[in-house]
Structures are given as C-alpha cells and as structure tokens.
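# Structural features, examined
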Amino acid sequence: MTTRSLKLAATTALALITGLSPALAQMTEIGPGEGELSIVAWAGYIERGETDPAFDWVTKFEESSGCKVSVKTANTSDEMVALMNEGGFDLVTASGDASLRLIAGGRVQEINKDLIPSWSTIDPRLQDAPWHTVDGKHYGVPYMWGPNVLMYNTEVFKEPPTSWNVVFEEMTLSDGQSNKGRVQAYDGPIHVADAAQYLMFHKPELGITSPYELNEDQYKAALDLLRGQRELVSRYWHDAFIQIDDFKNEGVVASGSWPFQVNLLKAGGAPVASVIPQEGATGWADTTMLHADSEHPNCAYMWFEHQLASNLQSDLSVWFGANPSVPAACTDGRGMQTAEGCTANGLDDFEKIRFWTTPVADCSQGEDTCVPYYRWVSDYIGVIGGR
C-alpha cells in the first residue's frame, strides 16, 4: 500500500467515526488526458452504440480527449459504494442514497466547478442539491434524474393502476387472477422508503413526513408492509435486463421500475406502460462523482464537461426515459429529445418526487430519533429472507 493510500485509509476511518470527510487537494487546472477513464454507472448510462447504434456518447469523447472509457455496471447503490470503497475507478454515477455515504467516507473528492465551463447550464434546482453539496462544497456534477415508476402489463390492467397497492397487497386483478407471484419489488434497502411513502398516504396517523426519516414505530410499520409484500413477490429485482426478461417471459405483470426498462420493453413491442400512482413516487437524482484516489482526474474533468453537452443530455434522456440535468436539452434541438418528451418523463413532477437520500439517526424528528441506514440494510435482508 502506498503512503498516500495509508494516509487515506486513516483519514477515512476518522471520517466514519466523526462524520467528516478528509480534505483532499482540489483540482486547480486540467492537464493532458491520462489516456483512460473508468466509470461505475447504472445500466444504460454510458452508451457507445453497442445496445443501439443510435445511442453513442462515448466514441466521440474518446476521439476528442484521447481517454479510453471503460464501464462497470452496478445494479444498486450499495454495489456502487462497495466498488468505490474497493477503488480502482475514477467516476461513479451515484444516486442520493449513495452520494452522502461516499462523501462522509472520504471516497470522493470535492470538485472545482470553475473547471467545468457548462456548470451554469445545470438546472438551478440541482446545482446545490443536498445529496452532493456539503458545507457549501460540491462533490459531483448532476447527470440525470427521474421517478421510480409503476410498470404494468397493459393486457392485464385494462385501465392504468391508480395505486401502488397492486404490488403491496394481495388482490384479484382484472384478468381474474391473483397478483400473488406476478409482481416484483426492488432488491435494495432503499425500497423501505417506497413502503413508507405508501403508508404516508394510507395511514396518515403514523405521522410520516419523509419516507427517509422514520422513527421506530414508523419503521416497524414499513417493515410489516414489506413482510406482507414478500408473500406476493416472484423476484426481488436489481438487474434491469433480468426484469425486462421477466416481464416478457415469466408472467410478471406489475413492479416498481425505471423508465429505462419501460422504454426498452415498449420498443420491443411488449404490452407495458408506466404510471406514477396517487401516492406519488420516490426517485433518483444521479451525480457523477470523482474518486478521492482517481488516477485519471484530467480525463474525469473532460468527462464532466462532456456529460453536460445538451446533445448527450438530450439523447440520454430519450434512451433512459429520464430528465436531463441541463434543461435546455429538452428544447434546443441538438439531440433527440423534445419538450413533450421531457414532460412525459416527468420534468414537471420534480416537486412531487421524494428523491433517494441516505437515512440517518439525527433527523427532523430529533437527534438520534430516526432509524439509520445500516439497520435498513440488515432488516431488509431479513425481510427478503423471510424474517
């Protein structure tokens, strides 16, 4: 282990105890590219035309920068945190339930937004968002955002479902069959928040005001709902492509999902659609963050600027069914997206979405009052295991 690595390990241990992130020297200028760039990303986020030739925002970047891009797909936020803890990567497209953990653990470094000329084009609602901004310091560049939608089979549901109850409570669907064994749930502890959001609407007496800030009683109610859901679930999904196959071939008819799966299934002619039900939706606002020990920081900063190009933002918005962090990408015609497309992706629903964030003990209900994330992790594993 190098001296720098030893120092970093020590400061990271301190960070985990104190909640403070170690100070790293901020980049002050961009030098020549190092020739490589490794990115941990959600499926569908870094495309080079291999899935569909029309969607390629890597090839031209490589040609112009000289930085060869490699991608490691991660299926959950916990997987992203684990990969960044292992090291060897430059960037990660982290959601809000991972980003604050990465900052507190000293795994990512403060970015210098003055080195990113297109920073001013970012949606003002995202520029200082609390999931990547700590004490006025920015630890990443906003990439995409969107809702967790309810995907459903249109041949089974003659009318769009109006509630998440189709995946939380046993019922007979409009085809005369039970939903038991025909629905899925997300294989990640953050799914506890979906249960809490459902309870916010249906059991207001619990007093839940945020699905990420749950006291012991509220948390127990969410776990009880999830234990009931386990009796219905055919698979806890984390791989987008396996979920796509399950909807096509395994008789799954409803699940929480991402617009990415909805779009690919629709493009393949599958009878699916999606909706944000009456209870609302959780969602994700993803930020590209730079590893504290990145070996290719110049290439990384070149990518920061590249990812904000409105044509990339526009095409990725179409491909993933998400909303660009650069609003002009919806309307300037430089890519495939249109104003109508962004509206369909939920651009106007920003205030309705409860974005993923890391649950902590000290919350708006009081100091050491809420159930912290490490318990979400162990208890959700227990729920999936039947405990």
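Every chain is numbered on its own, with residues counted from 1 as its sequence reads. Residues qualify for local features only when their pLDDT is at least 70, as the model is predicted, and side-chain atom pairs are given and counted only at 80 or more; totals for whole chains, interfaces and linings, by contrast, use all residues. Neither water nor hydrogens contribute to the side-chain values; these are computed over all heavy atoms in the structure.

For the chain, an unreviewed UniProt entry supplies the name ABC transporter substrate-binding protein and the organism Fuscovulum ytuae. UniProt's Subcellular location (unreviewed entry) comment on the chain is quoted here verbatim: "Periplasm". UniProt positions are given in the numbering used here, feature names are shortened, and annotations may be inferred rather than shown by experiment.

### Side note on the overall build of the chain
Only runs of H or I of at least four residues qualify as helices and only runs of E of at least two qualify as strands under DSSP, and these elements are numbered from the N terminus. Counting its secondary structure elements, the chain contains 14 helices and 14 strands. Values of the radius of gyration come from C-alpha atoms, whereas the globule rule sets the reference at 2.2 Å times the count of residues to the power 0.38. For the chain, whose C-alpha radius of gyration is 21 Å, the value lies close to the compact-globule estimate of 21 Å for 387 residues. For the chain, with 387 residues in total, the buried portion stands at 55%. Only heavy atoms enter the contact rule, under which two residues are in contact if any of them lie within 4.5 Å. The long-range fraction of contacts in the chain, counting pairs at least 24 apart against all pairs at least 6 apart in sequence, stands at 72%. Where accessible areas are quoted, they stem from the Shrake-Rupley method and a 1.4 Å probe; at the residue level, only the protein chains shown are allowed to cover. When the accessible surface of the chain is totalled, it reaches about 16,200 Å², and 51% of it is carbon and sulfur. We score Asp and Glu as negative and Lys and Arg as positive, and we do not count His or the chain ends. A charged residue contributes its charge at one atom only: NZ of Lys, CZ of Arg, CG of Asp or CD of Glu. Side-chain charges in the chain split into 26 positive and 51 negative, and the spacing between the mean points of these groups amounts to 3 Å. The rule is simple: take the accessible area with a 1.4 Å probe, protein chains only, and divide by the maximum for that residue type; under 20% is buried, over 50% is exposed, in between is partly exposed.

### So, the sheet that holds strand β8 (residues 183–186)
In spatial order, the strands read β9-β8-β10-β7-β11; together these five strands make up an open sheet with mixed pairing. A single partner strand is all that each edge strand has here, and the edge strands are β9 (233–237) and β11 (272–275). If you compare each strand with its neighbour and ignore which way they point, the axes differ by 30° on average. Think of it this way: DSSP has to see at least two bridges between two strands before they count as a pair. By the bridge criterion, four bridges tie strand β7 (residues 149–153) to strand β10 (residues 254–257) in an arrangement that is antiparallel. Each bridged residue has a counterpart across the sheet, and for Val-149 the counterpart in β10 is Ser-257. As a rule, the C-alpha atoms of each element are fitted with a line to give its axis, helices using only the stretch in contact, and angles between N-to-C directions run from 0 to 180 degrees. The strands touched by helix α9 (residues 240–249) within the sheet are β7, β8, β9, β10 and β11, with β10 carrying the most contacts at an inclination of about 160°.

### Details of the nonpolar core
We define a nonpolar core as any set of buried Ala, Val, Leu, Ile, Met, Phe, Trp, Tyr and Cys residues linked to one another through side-chain atoms lying within 4.5 Å. Core analysis: the biggest nonpolar cluster contains 106 residues, and Tyr-45, Trp-258, Trp-303 and Trp-376 have the highest contact counts within it. With seven residues, helix α7 (residues 191–202) is the largest single contributor of residues to this core. Among the nonpolar cores identified, the runner-up in size contains nine residues, and Val-262, Leu-265, Ala-270 and Val-272 belong to it.

### Thoughts on the state of the cysteines
Two cysteine sulfur atoms form a disulfide, by the criterion used here, when they sit within 2.5 Å. Across all of its chains, the model carries three disulfides by this definition. Residue pairing for Cys-330: its cysteine sulfur links by disulfide to Cys-342, the two sulfurs lying 2.0 Å apart. Taking the sign of the torsion about the S-S bond as the criterion, the disulfide between Cys-330 and Cys-342, at about -90°, is left-handed. You can see Cys-330 sitting in the loop between β13 (323–324) and α13 (339–344) and its partner Cys-342 sitting in helix α13, a full 12 residues away along the chain. By relative accessible area, Cys-330 is classed as buried at 3%. A residue is classified by how much of its surface remains accessible, and Cys-342, at 0% relative accessible area, is buried. In this model, Cys-363 is linked to Cys-370 through a disulfide, with the two sulfur atoms separated by 2.0 Å.

### Remarks on the pairing of strand β3 (residues 91–94)
Residues Leu-91 and Thr-93 of β3 are buried on one face, and the alternating residues Val-92 and Ala-94, pointing to the opposite face, are buried as well. Two strands pair when backbone bridges link them, and strand β1 (residues 36–41) and β3 are joined in this way by two bridges, in the parallel orientation. Residue pairing in the sheet places Val-40 in a bridge with Val-92 of β3. Here β3 runs beside strand β12 (residues 281–290); their pairing, made up of four bridges, is antiparallel. Bridge pairing links Leu-91 to Leu-290 in β12.

### A closer look at the confidence of the model for the chain
Per-residue confidence for the chain averages 92 on the pLDDT scale, and 94% of its residues sit at or above 70. Note on residues 1–23: pLDDT under 50 across the span, and 26 contacts to partners over four residues away in sequence or across chains. The quantity called pLDDT is the predictor's confidence in a given residue, expressed from 0 to 100.

### Details of helix α3 (residues 77–86)
Because each turn of an α-helix spans 3.6 residues, side chains separated by three or four positions end up pointing in the same direction. The set of residues buried in α3 consists of Ser-77, Met-80, Val-81, Leu-83 and Met-84. Projected down its long axis, α3 shows its buried positions confined to an angular sector of 165°, all on one face. On its buried side, α3 packs onto β1, β2 (68–73), β3 and α4 (96–104). What the arc measures is the spread of directions leading from the helix axis to the C-beta atoms.

### Overview of helix α8 (residues 216–230)
Expected span of a helix, by definition, is 1.5 Å for each gap between consecutive residues, and there is one gap fewer than residues. End to end, α8 covers 21 Å across 15 residues, agreeing with the expected 21 Å (1.5 Å per residue, within 8%). The secondary structure elements touched by the buried residues of α8 are α6 (165–168), β8, α7, β9 and α14 (373–384).

### Thoughts on the pattern of salt bridges
Between side chains of opposite charge, a pair can form when the charged atoms approach closely. Throughout this description, the term salt bridge denotes a Lys or Arg side-chain nitrogen within 4 Å of a carboxyl oxygen of Asp or Glu. Per the counting criterion, the structure on display carries 11 salt bridges. Lys-352 is the partner of Asp-349 in a salt bridge, and the nearest nitrogen-oxygen pair spans 3.5 Å. Here the residues in one salt-bridge network are Arg-48, Glu-62 and Lys-68, joined through shared partners.

### A closer look at the packing of α8 against α14
Where α8 contacts α14, the axes come no closer than 9 Å and their chain directions differ by 30°. Taken together, the axes of α8 and α14 lie roughly parallel to each other. The way α8 lies across α14 gives a crossing that is right-handed. Mapping the contact onto sequence places Glu-216, Tyr-219, Leu-223, Leu-226, Arg-227 and Arg-230 in α8 and Arg-375, Trp-376, Asp-379, Tyr-380, Val-383 and Ile-384 in α14. Put simply, angles under 35 degrees are roughly parallel, angles over 145 are roughly antiparallel, angles from 65 to 115 are roughly perpendicular, and the rest are oblique. By definition, turning the near helix anticlockwise from the far helix through less than a right angle yields a left-handed crossing, and turning it clockwise yields a right-handed one.

### Some details on the environment of Asp-90
Positionally, Asp-90 belongs in the loop between α3 and β3. By relative accessible area, Asp-90 is classed as buried at 2%. With sequence-adjacent residues up to four places away left out, Asp-90 is seen in contact with Glu-36, Leu-37, Ser-38, Met-289, Leu-290, His-291, Ser-294, Glu-295 and His-296. N or O atoms within 3.5 Å of each other form a polar contact, as long as, within protein, one can give a hydrogen and the other can take it, and as long as residues adjacent in sequence are counted only when both atoms are side-chain atoms. A polar atom in the side chain of Asp-90 sits 2.8 Å from the backbone nitrogen of Ser-38. Engagement of the side chain of Asp-90 in a polar contact is seen with the side chain of Ser-294, the distance being 2.8 Å.

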